[in-house]
Amino acid sequence: MLNRLVSPFNSIVGQEPESIAGALNELRGFLMPRLEEQGLPMSGDFNQSHCLISNIGSPYSCSINPRYSENGRLDLSERKTIALLGFLGLRGFDPDLAASIFKSAVGRRGIRAYWTQIPEIRERYDVSPSEVAARSDHSPVEEHIGRSIKELDEEIIGIPPIFGLSQYQKKMGHLERDTGKRIFEVVTPLSLPGHRLQTALERVAAREGCRLLKGLTAIDMEFSGNHASSVTVRSRSREQRITFSKMILASGNLVSGGLVTNVDEPDQIVPPLQADTGRMPSTLSISDTSLGSQALRSAMTTGIRTDADFHVVCKKGEVLDNVFVAGSALSGFSLPTGVGLGGVMFTSWIAAENAMEEG
Amino acid sequence: MKDHLIETSGCIKCGACINECPVIATEGVQRFSGPRNLGVDAPRFLPDIGATVDNIMMCTTCWRCEEVCPANLPVPEAILHVRRQIFSAPNMLHGHRRIAENIDKYRRSVEPRNTHDQVSPRGKGEVMYFPGCIGKERIPSIYESSVGVLGKVGTDLWIPEGWVCCGAPLEKIGDWDRLRMLREENMTRFEGRGEIVTSCPGCTSHLIAHYNLEPLHTLEFLYEDIGMSRLRFKPNERTIRVALHHPCHLARTIGPHVIDYAYSILNEIPGVKLVEMEDPGACCGGGGGVVAGYPDIALNLATEKMRKAREVGAELLLAPCPFCVLNLGRLDSLEIMEFISFVNERLE
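Residues numbered from 1 in each chain as written. Chains lettered and ligands numbered in written order. Predicted model: local features only at pLDDT ≥ 70, side-chain atom pairs only at ≥ 80, totals over all residues. Heavy atoms only, no water.

With that settled, the discussion passes to the overall build of chain A. Helix and strand content of chain A: 9 helices and 12 strands. The burial tally for chain A puts 52% of its 359 residues in the buried class. For chain A, the proportion of contacts with a sequence separation of at least 24, taken over those separated by at least 6, is 67%. Carbon and sulfur atoms make up 49% of the accessible area of chain A, which amounts to about 15600 Å² in all. (Helix = DSSP H or I, 4+ residues; strand = E, 2+ residues; numbered from the N terminus. Buried < 20%, exposed > 50% of the residue type's maximum accessible area, 1.4 Å probe, protein only. Contact = heavy atoms within 4.5 Å. Areas by Shrake-Rupley, 256 points an atom, 1.4 Å probe, with all protein chains shown as cover.)

Attention now moves to a negative patch on the surface. A grouping of Asp 309, Asp 321, Glu 357 and Glu 358 of chain A is seen on the molecular surface, where their side chains present a negatively charged patch. According to the relative accessible area criterion, Asp 309 of chain A is partly exposed, its value standing at 32%. (Patch = residues over 30% accessible without salt bridge, like charges linked within 9 Å, V, L, I, M, F, W, Y side chains within 5 Å. Salt bridge = Lys/Arg side-chain N within 4 Å of Asp/Glu carboxyl O. Lys, Arg positive; Asp, Glu negative; His and termini not counted. Charge placed at Lys NZ, Arg CZ, Asp CG, Glu CD.)

Further remarks concern the packing of aromatic side chains. For the structure shown, the criterion picks out 6 aromatic pairs over all chains. On the numbers, 4.0 Å between centres and 10° between planes, the contact of Tyr 223 of chain B with Tyr 261 of chain B is stacked. Of the two residues, Tyr 223 of chain B is situated in helix 14 (residues 218–226) and Tyr 261 of chain B in helix 16 (residues 257–268); the sequence distance between them amounts to 38 residues. Among the residues examined, Tyr 223 of chain B registers a relative accessible area of 26% and is labelled partly exposed. Members of the aromatic cluster, each reached through a chain of ring pairs, are Phe 130, Trp 163, Phe 190 and Tyr 211 of chain B. Just above the ring of Tyr 168 of chain A sits the side chain of Arg 196 of chain A; from NZ or CZ to the centre is 3.5 Å. Against the face of Tyr 143 of chain B rests Lys 136 of chain B, its NZ or CZ located 5.2 Å from the ring centre. (Phe/Tyr/Trp six-rings, centres within 6.5 Å; stacked < 30°, edge-to-face > 60°. Lys NZ or Arg CZ within 6 Å of the ring centre and 35° of its normal.)

Residues and elements named next belong to chain B. With 4 of 5 residues buried, strand 5 (residues 240–244) lies mostly within the body of the structure. Direction of pairing for strand 5 relative to strand 6 (residues 272–274): parallel, over a ladder of 3 bridges. When the bridges of strand 6 are listed, Ile 240 appears paired with Val 272. For strand 5 and strand 7 (residues 316–319), the ladder comprises 3 bridges, and the chain directions are parallel. What sits directly across from Val 242, in strand 7, is Leu 316. (Pairing = 2+ DSSP bridges.)

Our next topic: the packing of helix 12 (residues 176–189) of chain B against helix 13 (residues 201–211) of chain B. Residues and elements named next belong to chain B. Where helix 12 meets helix 13, the axes come as close as 12 Å, and the angle between the chain directions of the two elements is 90°. As far as their axial angle goes, helix 13 and helix 12 are roughly perpendicular. On helix 13, the residues touching Trp 176, Leu 179, Leu 182, Arg 183, Asn 186 and Met 187 of helix 12 are His 206, His 210 and Tyr 211. Looking at side-chain class alone, the contact of helix 12 with helix 13 contains 5 nonpolar, 3 polar and 1 charged residues. (Axes fitted to C-alpha atoms, helices over the stretch in contact; angles between N-to-C directions. Parallel < 35°, antiparallel > 145°, perpendicular 65-115°, else oblique. Nonpolar A, V, L, I, M, F, W, Y, C, P; charged D, E, K, R; others polar.)

Residue and element names in this part refer to chain A. Pairing within the open sheet is antiparallel, and its 3 strands lie in the order 5-6-7. Single-partner strands in this sheet number two, and they are strand 5 (217–224) and strand 7 (238–243). When strand polarity is set aside, the average angle formed by the axes of neighbouring strands in this sheet is 20°. Here strand 6 (residues 227–235) runs beside strand 7; their pairing, made up of 6 bridges, is antiparallel. By the bridge assignment for strand 7, Val 231 is matched with Ile 242.

Further remarks concern the side chain of Glu 185 of chain A. Residue placement: Glu 185 of chain A occurs in strand 4 (residues 182–185). Among the polar contacts listed, one links the side chain of Glu 185 of chain A to the side chain of Arg 196 of chain A, at a separation of 2.7 Å. (Polar contact = N/O pair within 3.5 Å; in protein donor to acceptor, adjacent residues only side chain to side chain.)

Moving on: the sheet that holds strand 3 (residues 195–198) of chain B. Residues and elements named next belong to chain B. If you trace the 4 strands from one edge of the open sheet to the other, you get 2-1-3-4, paired in parallel fashion. The strands lining the two open edges of the sheet, one partner per strand, are strand 2 (157–158) and strand 4 (216–217). Summarising the sheet, strand 3 and strand 4 pair through 2 bridges and their orientation is parallel. Pairing of Val 197 across the sheet is with Leu 216, part of strand 4.

Let us look at helix 7 (residues 75–86) of chain B. Its 12 residues give helix 7 of chain B an end-to-end C-alpha distance of 17 Å, which sits within 8% of 16 Å, the value for a rise of 1.5 Å per residue. What helix 7 of chain B keeps buried is the set Val 75, Pro 76, Ala 78, Ile 79, Leu 80, Val 82, Arg 83 and Ile 86 of chain B. (Expected span 1.5 Å × (residues − 1).)

What follows deals with the side chain of Glu 137 of chain B. Residues and elements named next belong to chain B. Inspection of the secondary structure puts Glu 137 in helix 9 (residues 133–138). Residue Glu 137 is classed as buried on the basis of its relative accessible area, which comes to 3%. A distance of 2.3 Å separates polar atoms of two side chains, one belonging to Glu 137 and the other to Arg 108.

Residue and element names in this part refer to chain B. For the coordinates displayed, the defined rule picks out 0 disulfides over all chains. Summary of cysteine pairing: Cys 59 is not part of a disulfide, and the nearest cysteine sulfur, belonging to Cys 65, is at 6.3 Å. By relative accessible area, Cys 59 is classed as buried at 10%. The cysteine Cys 248 is free of any disulfide, with Cys 283 supplying the nearest cysteine sulfur at 4.0 Å. What makes Cys 248 buried here is its relative accessible area of 7%. (Disulfide = S-S within 2.5 Å.)

The next thing to look at is helix 20 (residues 339–346) of chain B. Residues and elements named next belong to chain B. Counting buried residues in helix 20 gives 7 out of 8 residues, a clear majority hidden from the surface. Restricting attention to buried positions, one finds in helix 20 the residues Phe 339, Ile 340, Ser 341, Phe 342, Val 343, Asn 344 and Arg 346. If you check the start of helix 20, you find a side-chain oxygen 3.0 Å away from the backbone N of Ile 340, and it comes from Glu 338.

So, on to the environment of Val 233 of chain A. All names here are of chain A. Turning to its location among the elements, Val 233 is positioned in strand 6. Remark: the alpha-carbon pair of Val 233 and Glu 353, spanning 120 residues in sequence, is separated by 24 Å. Here Val 233 is in contact with Leu 216, Thr 217, Ala 218, Ile 219, Arg 238, Glu 239, Gln 240 and Ile 242, once residues within four sequence places are set aside.

Interpretation note: all reported values are geometric properties and have no functional meaning in isolation.
Below, the structure is given as structure tokens:
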């Protein structure tokens, strides 16, 4: 797993895998206790070679959470029996499909899929995880899930993510205690784990003294030579100018960090910055056949151009010494291509270190 | 419609808008088919679009779908365009008809109750205050507090005599004929306006988008024009645990900077212990004409919001939006207060 993540970074950063692994450990050491404090259990008996602070949106590759996730606590070599439990009507998690992916991806047989129906939402055929999360505060729902899990013969049970940050640790703990089974989350894209992590990260950032400026769109940048002095941002209906000594442009949207693209080239790139299209981490090559359309390729692979230290590169080739880029605003860091929040956090960490080191 | 059709053609079908839609989260797609269906897909089948009227009016116009859209598509605006296209007076929902009738009768979106102006600055000062229908007629303390706060910080204020509803509720229900009529009436009353301040994010956004004016929400005016140094608060009486709701039309149509201003002000008020509820930007159900059209949906969303505030031990929930206060105030599970009213209470 480590190699899988190291390789794409290596191709962009131009550093040796060892130094990247070292930085990754630093990041883990910094984040894990702080995220734990915010309600994400991070101190489980996870296997370090499998655990990364990442979520690539896949049900089997890795997870943001070492305790309640299949790679954190679930050692597939244990040969324990595993069941996946779906909730009828819950969008985004199909245990039959997930079980077949598990089987084909990790060569593990005997993973069984089950469905249960939550009585409180019986009337509906399609609900969202957040609705289940909301309703699972009411004990009948939680009790029903617990009863369903108890009825299963398997020792380890995978359920979809249904608890928000404030209830997550408590409720998962309750379920494990009440059922006597090990329970893990099967991470599905566009669902609660991302929300939980984002909320926890924002709270950690605030506690560490960061002032978060969320929801702003950079629309222009003033610079002279290799040094930028201010950025003009749009806050929906208003425009503001922010002066800075150093800045990291970090954005985290599913595709290209929120840079809107048209068919041929990136659109809405902050002037005077340069963009790349078609550049991908080396291990995740996007071929013509794997992404069917030019528009999709363009969307997935667009990002702001940087040098090896994440300094931004302008259209005329100037490298700005006090502006850095991190996260999915970098070319090729779009979630559907398989590089997710781990890449966003890791590149932010490296960019911040570079910014601090350069005085 | 044509422009929005073109703009929304960039949809990559990722489902982010569906996953984040608060109405789907509480009601399910069986009842509400969601932003992608209504804003992106439905306009492509214009001849049959009238059939979606019951569905499309459930959107609270919270702007969350646009916020999470990787392609940055103007989905809420597309939905509002569809509402405009399918508007037909005879087919209006009962609650929406009541809004239209109130407009015809009183030139306000709600029936006037606050018949006596307790605070009535007249004349033409430097700053024009636009009270808005809910703050003036439903929760007059908002109007009184806003005028009170602006007076305390030394603003030379005036209120346009005979002002009428800005038209924001009419835009939400698709009634553009009445909307234009109100705009014309207001513009004659706004002559000599100077700077404009409003209490309502809906009014602020509407005056920007449809009047081509540049009004400030009260929070923006206090933070940007008055400045924090001129806000003097009373000494602490007792500590109170306060949660801040981020109204959709404040954070997502005026801009998220206003939420930062709100926190900056709260941090200066002695005795305020801020508690952060989960997803403070989640819609309370108060917007988009849903309170009038589908009060049950609005109540479900409000219940969820109150639950989240209680969960973190809040004793008071503040909302810088009259519509949110109106909707959340239908529940008595937690004290809810409009932001400026709280500031007025604490300001020296």
